[in-house]
Amino acid sequence: MAQNETTLPTTEEEWRVRLSPDEFRVLRQAGTEAPWSGEYVDTKAEGMYECRACGAALYPSDYKFDSHCGWPSFDDAIPGAVKEINDFSHGMARTEIRCARCDSHLGHVFRGEHMTAKNTRHCVNSLSIKLDPKTA
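As recorded by an unreviewed UniProt entry, the chain carries the name peptide-methionine (R)-S-oxide reductase and is attributed to Paractinoplanes hotanensis. Per UniProt, the chain carries the Cofactor (unreviewed entry) text "Zn(2+)". Turning to the chain, the UniProt record has this under Catalytic activity (unreviewed entry): "L-methionyl-[protein] + [thioredoxin]-disulfide + H2O = L-methionyl-(R)-S-oxide-[protein] + [thioredoxin]-dithiol".

In structure tokens:
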């Protein structure tokens with residue numbers, strides 16, 4: 001809904017107006033969409049995945065891989081595009097990833113799973129991203 005806006009909301013109420021209820025729950029309240037339910041789980045299209053809240057470029061499509069975890073997975077992000085935060089919610093220690101531009105929740109990053117050469121999996125909610133397809 002709110003891509004490529006130059007002025008970001010400054011309050012959660014402004015975000016609530018800009019985003020759909022589901023987008024707000026995931027992006028601004030660190031919610032999670034159900035596994036296998038997101039529009040980008042199996043997408044193979046080329047392009048750039050951007051933050052659905054602010055339009056910041058996050059993940060080139062060639063960073064995406066099939067992790068079979070139920071959410072889109074990327075082995076890295078554009079340098080400086082995401083920030084990592086310790087997350088001790090739900091009785092476990094994880095690393096949350098947020099958009100560096102607007103501080104919206106994207107998902108979590110996992111390391112040491114040996115799924116890619118970079119040994120990293122950015123597990124991202126489809127509701128947190130939007131694909132800008134590559135045009136020929």
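From this point, the narrative continues.
A. Quick peek at the overall build of the chain. Within the chain one finds two helices and nine strands. Put simply, the chain runs from its N terminus to its C terminus through helices and strands in the order α-α-β-β-β-β-β-β-β-β-β. Against the compact-globule benchmark of 14 Å for 136 residues, the chain has a radius of gyration of 14 Å, which places it among compact chains. Seen through its principal axes, the chain has C-alpha atoms that stretch 45 × 40 × 30 Å. Here the chain holds 136 residues, and the buried ones make up 51% of them. Across the chain, contacts joining residues at least 24 apart in sequence account for 52% of those joining residues at least 6 apart. When the accessible surface of the chain is totalled, it reaches about 7,100 Å², and 51% of it is carbon and sulfur. When the 16 positive and 21 negative side-chain charges of the chain are each reduced to one mean point, those points stand 1 Å apart.

B. Examining the pattern of salt bridges more closely. In this structure the tally under the stated criterion is 13 salt bridges. We note a salt bridge from Glu96 to Arg98, for which the minimum N-O separation is 3.0 Å. Here Glu96 falls in the buried class, since its relative accessible area comes to 7%. One network of salt bridges, in which partners are shared, links Lys83, Glu96, Arg98 and Asp103.

C. Inspection of the side chain of Asn125 at higher detail. With respect to the helices and strands, the residue Asn125 is situated in the loop between strand S8 (120–124) and strand S9 (129–133). Within polar-contact distance, the side chain of Asn125 engages the backbone nitrogen of Glu33 at 3.0 Å. In contact with Asn125, other than residues within four places in its own chain, are Val26, Gly31, Thr32, Glu33, Trp71, His105, Leu106 and Gly107.

About the cut-offs
- Residues numbered from 1 in each chain as written.
- Predicted model: local features only at pLDDT ≥ 70, side-chain atom pairs only at ≥ 80, totals over all residues.
- Heavy atoms only, no water.
- UniProt positions renumbered as here; feature names shortened; annotations may be inferred.
- Helix = DSSP H or I, 4+ residues; strand = E, 2+ residues; numbered from the N terminus.
- Rg over C-alpha atoms; globule rule 2.2 N^0.38 Å.
- Buried < 20%, exposed > 50% of the residue type's maximum accessible area, 1.4 Å probe, protein only.
- Contact = heavy atoms within 4.5 Å.
- Areas by Shrake-Rupley, 256 points an atom, 1.4 Å probe, with all protein chains shown as cover.
- Lys, Arg positive; Asp, Glu negative; His and termini not counted.
- Charge placed at Lys NZ, Arg CZ, Asp CG, Glu CD.
- Salt bridge = Lys/Arg side-chain N within 4 Å of Asp/Glu carboxyl O.
- Polar contact = N/O pair within 3.5 Å; in protein donor to acceptor, adjacent residues only side chain to side chain.

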